[in-house]
Amino acid sequence: MTSSEQLAAVRADYDDKAEAYTAFIGEAFGGQPLNHVMVGAFADLVRQSGGGQVADVGCGPGHVTAYLRDRGVDAFGVDLSPRLVAAAREASPGVRFDVGDMNDLGALGIGAGSLAGVLANYSVIHTPPDALPATLAELARVLAPGGHLLLSFQALDAADAAAPDAAPGAAETAEPFDHKVSPAWRYSPDHVAGLLGLSGVTEVARLIIAPGEDPARGFPQAHLLGRRTSG
């Protein structure tokens, strides 16, 4: 599947399930206090660094965008799905929500170094492993020096990486899983942090939530917080 075909498939999948996803995801986020801790810390760091615009990429119906705005962050949302963007605009009138691709934020007029922060709350999971470096590079590109990036995703743990029957060079960085909406991958936090470093984003902190806290699949959950350190 080509990159454009992958994007079209994700867009169609979320459009098809937009109503059910909207009904579910806000409540799900509301029940994730450890996720809130990292989003709240991200918001505090953006404000303490002088503020500015923040993009919530893969924003869905805008639940995290609204959470950021309630904490004094000038956040706007971007999502592939027109139906989810419509739901976000209905839920938060007057807030900017754009239909767009996180891999090409320039198409939305978002210039290099123009944002104080970027948040991707469980949205990079739909990026295939071979495309992940370019996706992270694009998120880094739009960050101003000193700007912050928060990535949240289902993670691989040490046991997964060491699986003896894994394909060489594969399981230690990424693994597909049965996401209910669209094909998805979980990633090694060290691998993601390394790719961010190559794009000029230095890790500031990480939170790994234990597998037992995920009742659906038993996956660890990773929250990586980084800061743009190079222009």
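Residues numbered from 1 in each chain as written. Predicted model: local features only at pLDDT ≥ 70, side-chain atom pairs only at ≥ 80, totals over all residues. Heavy atoms only, no water.

1. Regarding the pattern of salt bridges
Now for step 1: Per the stated rule, a full pass over the model turns up nine salt bridges.
Now for step 2: Ionic pairing is found between Asp 44 and Arg 47, a salt bridge with its closest N-O pair at 2.5 Å. Separated by three residues within a single helix, Asp 44 and Arg 47 lie in helix α3 (residues 33-48), roughly one turn from each other.
Now for step 3: According to the relative accessible area criterion, Asp 44 is partly exposed, its value standing at 33%. (Salt bridge = Lys/Arg side-chain N within 4 Å of Asp/Glu carboxyl O. Helix = DSSP H or I, 4+ residues; strand = E, 2+ residues; numbered from the N terminus. Buried < 20%, exposed > 50% of the residue type's maximum accessible area, 1.4 Å probe, protein only.)

2. Considerations on the sheet that holds strand β3 (residues 97-99)
Now for step 1: Strand order in the open sheet formed by seven strands is β3-β2-β1-β4-β5-β9-β8, with mixed pairing between adjacent strands. Single-partner strands in this sheet number two, and they are β3 and β8 (201-209). Each strand of the sheet is rotated relative to its neighbour by a mean of 15°, with strand direction disregarded.
Now for step 2: When strand β1 (residues 53-57) meets strand β4 (residues 115-121), the two strands line up parallel, connected through three bridges. Residue pairing for β4: Asp 56 is matched across the bridge by Leu 119. (Pairing = 2+ DSSP bridges. Axes fitted to C-alpha atoms, helices over the stretch in contact; angles between N-to-C directions.)

3. A look at the nonpolar core
Now for step 1: Counting residues in each nonpolar core, the largest one holds 35 residues, and the members touching the most others are Leu 139, Leu 151, Phe 153 and Val 192.
Now for step 2: Those residues in contact with Val 192, other than ones at most four positions away along the chain, are Leu 132, Leu 136, Leu 151, Phe 153, Tyr 187 and Leu 224.
Now for step 3: Counting 16 residues, the second largest nonpolar core, distinct from the first, contains Phe 42, Ala 43, Val 46 and Ala 75. (Core = buried A, V, L, I, M, F, W, Y, C linked by side-chain atoms within 4.5 Å. Contact = heavy atoms within 4.5 Å.)

4. Re helix α2 (residues 18-30)
Now for step 1: In this model, α2 (13 residues) spans 18 Å end to end at C-alpha, consistent with the 18 Å of a helix rising 1.5 Å per residue.
Now for step 2: What α2 keeps buried is the set Ala 18, Tyr 21, Ile 25, Ala 28 and Phe 29.
Now for step 3: Buried positions along α2 lie against α1 (3-16), α3, α4 (63-70), α5 (82-91) and β4. (Expected span 1.5 Å × (residues − 1).)

5. Let's talk about α4
Now for step 1: Within α4, the full set of buried residues consists of His 63, Val 64, Thr 65, Tyr 67 and Leu 68.
Now for step 2: Buried residues along α4 sit in contact with α2, α3, β1, β2 (74-79), β3 and β4.

6. Here we look at the packing of α3 against α4
Now for step 1: Remark: α3 packs on α4, axes separated minimally by 10 Å, with the N-to-C direction vectors making an angle of 50°. As judged from the angle between their axes, α3 and α4 are oblique. Where α3 crosses over α4, the handedness of that crossing is right-handed. Residues His 36, Val 39, Phe 42 and Ala 43 of α3 form the contact with α4, whose own contacting residues are Val 64, Tyr 67 and Leu 68. (Parallel < 35°, antiparallel > 145°, perpendicular 65-115°, else oblique. Left-handed = near helix turned anticlockwise from the far one by under 90°.)

7. A look at the pairing of β1
Now for step 1: Counting buried positions over the five residues of β1 gives four, a clear majority of the element.
Now for step 2: Alignment of β1 against β2, held across five bridges, turns out to be parallel. Its bridge partner being in β2, Val 54 is matched across the sheet by Ala 75.
Now for step 3: For the crossover that starts at β1, traverses α4 and ends in the parallel β2, the hand is right-handed. (Right-handed = clockwise from strand over helix to strand, strands pointing away.)

8. Concerning the confidence of the model for the protein
Now for step 1: When the pLDDT values of the protein are averaged, the result is 91; 93% of them are 70 or greater.
Now for step 2: Between residues 162-170, whose pLDDT stays under 50, and residues either more than four places distant or in other chains, the model counts one contact. (pLDDT = per-residue confidence, 0-100.)

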